[in-house]
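Coordinate analysis (summary)
Residue-level listing of the chains:
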Amino acid sequence: MKVETLPLAGLTTLGVGGMAEVWTVENLQDLKQAASRPYRILGNGSNLLVSDAGVEERVIRLGGEFCLFDLTGTVGAGALLPTVLQKAAQAGLSGLEGLYGVPAQVGGAVKMNAGTRFGEMASALEWVEIFHAGALHQYRPAELGFSYRHSELPVGGIITRVKLNLKEVGKEQVRAKMALADAARKGQPKRKSAGCAFKNPVGDSAGRLIDQRGLKGLTLGKAMVSREHGNFIVNLGGASAEDIWALVQKIKEQLPLELEWEVWGKVGQGVGTG
Ligand SMILES: Cc1cc2nc3c(=O)[nH]c(=O)nc-3n(C[C@H](O)[C@H](O)[C@H](O)COP(=O)(O)OP(=O)(O)OC[C@H]3O[C@@H](n4cnc5c(N)ncnc54)[C@H](O)[C@@H]3O)c2cc1C
């Protein structure tokens, strides 16, 4: 196990976030030790806005045996979803194609029930192993309250492993489905971001509303509303969490949108999930 004090900016796709004590755990024994004090569990940091002041809790990252996977067996929650998806495609196994382009770890994708209109994580699961209350427990998807980009895990639960429910359909069919999901991403920016910043209002698109208000290209400090896609806020290089938060507030002054990202630590005037 490694315990290091690191800037979270290097561990999030937005590239912002101050210092935290990062515990990289290799096995269950490490995990038990790391989880013995208040903690947050970090996946690939692709849905997070982290305070410039960092966070007080330990940040647990899954390493070692939690990153191993075997598609006919189990998949560690720390494995990168794009890697697992590519291996599934090479083996002609179907079930994850709709998640093509989601830069998550498997655990983070399960927690957020990540997905697109081509499919979501919950449908690809046979069971999920979760560490909580000092031990590992196995759950069927129906027990985890999955809904749109949401799950109901036990409080403080850390996903450690999953069993995927993939069907052998042949490489060509899998590749064709991946190409569809890929094509739908063509308008997304390549700069650092955390994906869509706001939830889509029922029956509408946050990106379309932002575009309609003429907010694309709006820049504060080093943060900008992407010109390619209104629902992406991008880091132009060296943005702070405060720059990004200020831009979020500017958009919210004009539109009643709800943030999709999770906020870690104090951002703005002490605002955040705490
Ligand atoms: C370019 C880009 C495109 C994106 N496109 C999409 C998309 O099409 N669809 C979509 O749904 N999302 C998309 N996202 C958002 C993001 O990838 C998803 O929300 C993803 O599920 C986050 O996973 P993560 O591993 O990065 O988790 P993190 O961002 O690190 O964490 C997110 C939440 O999951 C929790 N978590 C992480 N790992 C675990 C674990 N092992 N056990 C328990 N909880 C855990 C964290 O504590 C936190 O609450 C995109 C992001 C980017 C940057």
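What you see is a predicted model; the values in this text were computed from it and never measured.

A tally of helices and strands in the protein yields six helices and 17 strands. The C-alpha extent of the protein, read off along each of the three principal axes, is 50 × 45 × 30 Å. Relative to its full complement of 274 residues, the protein shows a buried share of 43%. The long-range fraction of contacts in the protein, counting pairs at least 24 apart against all pairs at least 6 apart in sequence, stands at 62%.

Let us now look at the site of the ligand. Surrounding the ligand, one finds 32 residues, the nearest of these being Gly43, Ala104, Gly107, Gly108 and Gly195. Listed by contribution, the elements that provide at least two residues to the shell around the ligand are strand E3 (39-42), helix H3 (106-111), strand E8 (115-116) and strand E12 (158-164). With four residues, the top contributor of residues to the shell around the ligand is H3. Grouping the amino acids of the shell around the ligand by side-chain chemistry returns 14 nonpolar, 14 polar and four charged. When residues of the shell around the ligand are assigned to domains, at least three map to each of domain 1 (2-64) and domain 2 (68-183).

Turning to the domain arrangement of the protein, a few remarks are in order. Under the domain assignment, the protein is made up of domain 1 (2-64) and domain 2 (68-183). A C-alpha centroid distance of 21 Å is found between domain 1 and domain 2. Every contact between the two is made by twelve residues of domain 1 and, on the other side, twelve residues of domain 2. For the side of domain 1 that touches domain 2, the elements supplying multiple residues, two or more each, are helix H1 (28-34) and strand E5 (58-62).

Here we take up the sheet that holds strand E16 (residues 233-235). Whenever strands of a sheet pair, they do so through backbone hydrogen bonds, lying parallel or antiparallel. Strands sit in the order E14-E15-E16 across an open sheet of three strands; the sheet is antiparallel. Looking at the sheet topology across the chains shown, the edges are occupied by strand E14 (219-220) and E16. Judged from the two bridges that link them, E14 and strand E15 (residues 223-225) form a sheet pairing that is antiparallel. Counted as the bridge partner of Leu220 is Ala223 from E15.

We now examine the sheet that holds E5. The mixed open sheet is built from four strands, whose spatial order is E1-E2-E5-E3. Either end of the sheet is taken by a strand with one partner, and the two such strands are strand E1 (2-7) and E3. Sheet twist, expressed as the mean angle between neighbouring strand axes with direction ignored, is 35°. The sheet contact formed by E3 and E5 spans four bridges and is parallel. From the neighbouring strand, Tyr39 faces E5, where its bridge partner is Arg58.

With that out of the way, let us pick up helix H4 (residues 171-183). Between its terminal C-alpha atoms H4 stretches 18 Å, which fits the 18 Å expected from 13 residues at 1.5 Å a residue. Buried within H4 we find Val174, Lys177, Met178 and Ala181. The arc enclosing the buried residues of H4, seen along the axis, measures out at 100°, which places them on a common side. What points out from H4, more than 90 degrees from its buried face, is the exposed set Glu172, Ala176, Ala179 and Ala183.

Glancing now at the pairing of strand E10 (residues 125-132). For E10 and E12, the ladder comprises six bridges, and the chain directions are antiparallel. Residue Ile130 lies in a different strand from E12, and its bridge partner there is Ile159. For E10 and strand E11 (residues 135-139), the ladder comprises five bridges, and the chain directions are antiparallel. Residue His132 lies in a different strand from E11, and its bridge partner there is Ala135. In sequence, E10 turns back onto E11 through a hairpin of two residues, with Ala133 there showing a positive phi of about 50°.

We now examine the confidence of the model for the protein. Residues with a pLDDT of 70 or more make up 98% of the protein, whose mean pLDDT is 96. A low-confidence stretch, residues 270-274 stays under pLDDT 50, and its non-local contacts, those more than four residues away or across chains, total eight contacts.

Leu49, Val84, Leu99, Val106, Ala109 and Ile244 are the most contacted members of the largest nonpolar core, which has 78 residues in total. Tallying contributions element by element places helix H6 (residues 241-254) first for this core, with six residues. When residues of this core are assigned to domains, at least three map to each of domain 1 (2-64) and domain 2 (68-183). Other than its neighbours up to four places away in sequence, Ala109 contacts Leu81, Leu99, Val102, Ala104, Ala114 and Met121.

Attention now goes to unusual backbone geometry. Notably, Asn113 is not glycine yet its phi reads approximately 40°, a positive angle. For Asn113, a count of 20 C-beta atoms within 10 Å puts it in the buried group.

What counts and what doesn't
Residues take numbers from 1 onward in each chain, read along the sequence in its written order. Residue-level local features of this predicted model are given only where pLDDT is at least 70; pairs of side-chain atoms are given and counted only at 80 or more, and the full residue set underlies all totals for whole chains, interfaces and linings. Counting from the N terminus, the helices are the DSSP runs of H or I reaching at least four residues and the strands are the DSSP runs of E reaching at least two. Counting other C-beta atoms within 10 Å of a residue's own tells you its class, since 20 or more makes it buried, 12 or fewer makes it exposed, and anything in between is partly exposed; those C-beta atoms are placed from the backbone. We call two residues in contact whenever the C-beta atoms placed from their backbones are within 7 Å. In this analysis a residue is considered near a molecule or strand if the C-beta atom, reconstructed from its backbone, is found within 6 Å of that molecule or strand. The nonpolar class holds Ala, Val, Leu, Ile, Met, Phe, Trp, Tyr, Cys and Pro. Asp, Glu, Lys and Arg form the charged class, and all remaining residues, Gly among them, are polar. For the purposes of this description, domain bounds are those given by an automatic or database domain assignment. Strands were regarded as paired on the criterion that DSSP finds at least two bridges between them. Under this scheme, a helix contributes an axis fitted over its contacting stretch, all axes are lines through C-alpha atoms, and angles between N-to-C directions fall in the 0 to 180 degree range. Take the number of residues in a helix, subtract one, and multiply by 1.5 Å to get its expected span. Regarding the arc, it is the one traced by the directions from the helix axis to the C-beta atoms. pLDDT measures how confident the predictor is about each residue, on a scale from 0 to 100. The term nonpolar core means buried Ala, Val, Leu, Ile, Met, Phe, Trp, Tyr and Cys residues held together as one set by C-beta atoms within 7 Å.

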